[in-house]
Amino acid sequence: MSKEFAIIQFLPMRNTVSVVIGTQWGDEGKGKIVDLLAEKSDYVVRFHGGNNAGHTIVVNNKKYPLHLVPSGVLHSKTNCVIANGVVIDLEVLTAEIDMFIKDGIKLDGRLFISERCHLILPYHKALDLAFENARGKDKLGTTTRGIGPVLADKVSYNGIRIYELLNWDIFVEKFTFQAKIKNEILKTFNVSPIDIKKELERLSELRKIILPFIADTYQLLQKAFSENRKILMEGAQAVMLDVDFSPYPFSTGSNTIPGAVNTGAGIPVQKIGDILGVVKAYTSRVGGGPFPTELTDELGDEIREKGQEFGTTTGRPRRIGWLDLEAVKFACQVSGATEIAITKIDILSGLEKIKVCIGYKLNGKSIPYSSCGYQELAKLTPVYKEFSGWTEDLTNINKFADLPNNCQNYIKFIEDFLKIPIKLISTGPKREEYIKL
Ligand code: GDP
Ligand code: IMO
Ligand code: MG
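Residues numbered from 1 in each chain as written. Chains lettered and ligands numbered in written order. Predicted model: local features only at pLDDT ≥ 70, side-chain atom pairs only at ≥ 80, totals over all residues. Heavy atoms only, no water.

## Some remarks on the coordination of the magnesium ion (ligand 3)
Stated precisely, the cut-off is as follows: Only N, O and S atoms count as donors, using a 2.8 Å limit from the metal and a wider 3.2 Å limit for Na, K and Ca, and since water is excluded some coordination spheres may look unfilled. Helix and strand definitions follow DSSP, with helices as H or I runs of at least four residues and strands as E runs of at least two, each counted in order from the N terminus.
Protein coordination of the magnesium ion (ligand 3) is provided by Asp27 (OD) and Gly54 (O), with donor distances spanning 2.0 to 2.2 Å. Taken as a pair, Asp27 in the loop between β1 (17–22) and α2 (30–38) and Gly54 in the loop between β2 (43–46) and β3 (55–59) lie far apart in primary sequence, 27 residues in all.

## Some details on the site of ligand 2
Note the following rule: Any residue with a heavy atom lying within 4 Å of a molecule or strand is counted as near it. Residues adjacent in sequence count toward polar contacts only when both atoms are side-chain atoms; beyond that, a polar contact is any pair of N or O atoms within 3.5 Å, and within protein one must be able to donate a hydrogen and the other to accept it. Here the accessible surface of atoms and residues is derived via Shrake-Rupley with a 1.4 Å probe, and residues count as covered only by protein chains that are part of the display. Ten residue types, Ala, Val, Leu, Ile, Met, Phe, Trp, Tyr, Cys and Pro, are classed as nonpolar, four, Asp, Glu, Lys and Arg, as charged, and the remainder, Gly among them, as polar. Just so you know, the domain bounds were taken from an automatic or database domain assignment.
The environment of ligand 2 is formed by 20 residues, the closest being Lys30, His55, Thr143, Gln237 and Thr252. A distance of 2.7 Å separates an oxygen atom of ligand 2 from a polar atom in the side chain of Lys30. Between ligand 2 and Thr143 there is a distance of 2.5 Å, counted from an oxygen atom to a side-chain nitrogen or oxygen. Burial of ligand 2 by the protein amounts to 96% of the accessible area it has alone, namely 540 Å². A per-class count over the shell around ligand 2 returns 6 nonpolar, 11 polar and 3 charged. Both of domain 1 (17–114 + 216–436) and domain 2 (118–213) provide at least three residues apiece to the shell around ligand 2.

## As for the environment of Glu227
Put simply, the rule reads: Burial status follows relative accessibility: with a 1.4 Å probe on protein chains alone, a residue under 20% of its type maximum counts as buried, one over 50% as exposed, and anything between as partly exposed.
Following the sequence through the fold, Glu227 ends up in the loop between α9 (217–226) and β10 (231–234). Given the relative accessible area of 36%, Glu227 is considered partly exposed. Taking the C-alpha atoms as reference, Glu227 lies 9.6 Å from Thr16; in sequence the two are 211 residues apart.

## What about the site of ligand 1?
The environment of ligand 1 is formed by 19 residues, the closest being Lys30, Gly54, Thr56, Asp346 and Ser426. Taking Lys30, its main chain carries an N or O atom lying 2.8 Å from an oxygen atom of ligand 1. Here an oxygen atom of ligand 1 sits 2.9 Å away from a polar atom, N or O, in the side chain of Lys344. Isolated, ligand 1 exposes 580 Å² of accessible area, and the fraction of that covered by the protein chains is 94%. Looking at the shell around ligand 1, the elements that each hand over two or more residues are α2 and β3. A per-class count over the shell around ligand 1 returns 3 nonpolar, 9 polar and 7 charged.

## Re the state of the cysteines
Selection rule: Note on disulfides: each one is a pair of cysteine sulfur atoms within 2.5 Å.
This structure, assessed with the given rule, holds 0 disulfides. For the unlinked cysteine Cys357, the closest cysteine sulfur is that of Cys372, found at 10 Å. The class for Cys357 is buried, based on a relative accessible area of 0%. Summary of cysteine pairing: Cys407 is not part of a disulfide, and the nearest cysteine sulfur, belonging to Cys332, is at 19 Å.

Next up, the structure:
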């Protein structure tokens, strides 16, 4: 091989794909950050999860809670892709499409839904709820949107995809076969079976709404990066809910780490450039499972009220705790985060003291997050570092130097601890409320 050829071979590839992921237990403010970055993106792509996600964008004083449509939708020149890794509830997707159409936001030619996406069907939701009820006091606190059951069907070859919707007769056959079996299972839970005829009528109506948006998103994205288009991958949930890397079973059903970009959209891993980890300035968790830094006192209630920490999807009050940097450090390691966005720093204004967890102790010995199962996590003692608070309102500040000194110290500590540069600080829910570093 000539020397010249070797040099050309090893020229760095241009990475046109960026990823945004949550580094805690979800609801870090990913939607707001994706909307901000979407202005300069040609494509925003959801690649895993389903409508268990609730991503909020606030633009011109209007709040958009998005569950399936990617958070780039409010930028008219940005294309939105729901790639193969996403599981789709037609009721939710069509309601969202309808909301945008009523708002005058054009989706034709810019919303693309993969034909490989698996469908969340009525029996998946019924089964999710039935299992939760059967677990009683040990329930997991799922969103009951059918996520676990649809993903179980996917890997046991019982799933039905958008692809099947293209041929209604095949869909009816597959749906009827599956629904009959699921109805037998529902009977064992003493739950009413689903009405197959009625559900098929409803699905045939919803199908018509989404047919125009169905596309081969794999080819679409291959073409996009061959043209060096800017692609932004919108993670849902968060690393601490990843089905492999969370304290299972207090997880969601999908892999939430950037590896899912490959499986969930067909994008080769070498194409991935920046990985932005979103870190909320404190922690929230909705649903069951261990939460080492949880605040079960009045302070937790105060932060919940101030931060309006109520589920975007289910409306449930979110559990609140101090920032857990031991967990965030693990999330950044496993996901390869190259930069950080801090959100909701404004919510901490007014607290006299702020604590941050910098490690865990179990039976007097240090233990890393990665060595803990859910039983260890429930028993360990967090090691805290305490910071003096600040009182100023931060929402109109757009320069780091204008933040109160104590707030600057808090943010610098996070950066030093994680050893990853902080690129953005969000100071309020609105699009314009942020500091760029
Ligand atoms: P996601 O699931 O990660 O997209 O987060 P959610 O949308 O479920 O929850 C985040 C909530 O905080 C939403 O209501 C956002 O509008 C809001 N939010 C996002 N960033 C900020 C911020 O910096 N400050 C405040 N006060 N609210 C924010
Ligand atoms: P976004 O994208 C917070 C949690 C549920 C439950 C567990 C399993 O808005 O950050 P599932 O319905 O997925 O089977 O529930 O996962 N969960 C989330 N928590 N934000 C989310 O999404 C979540 N999606 C799922 O509360 O504990
Ligand atoms: Mg959310």
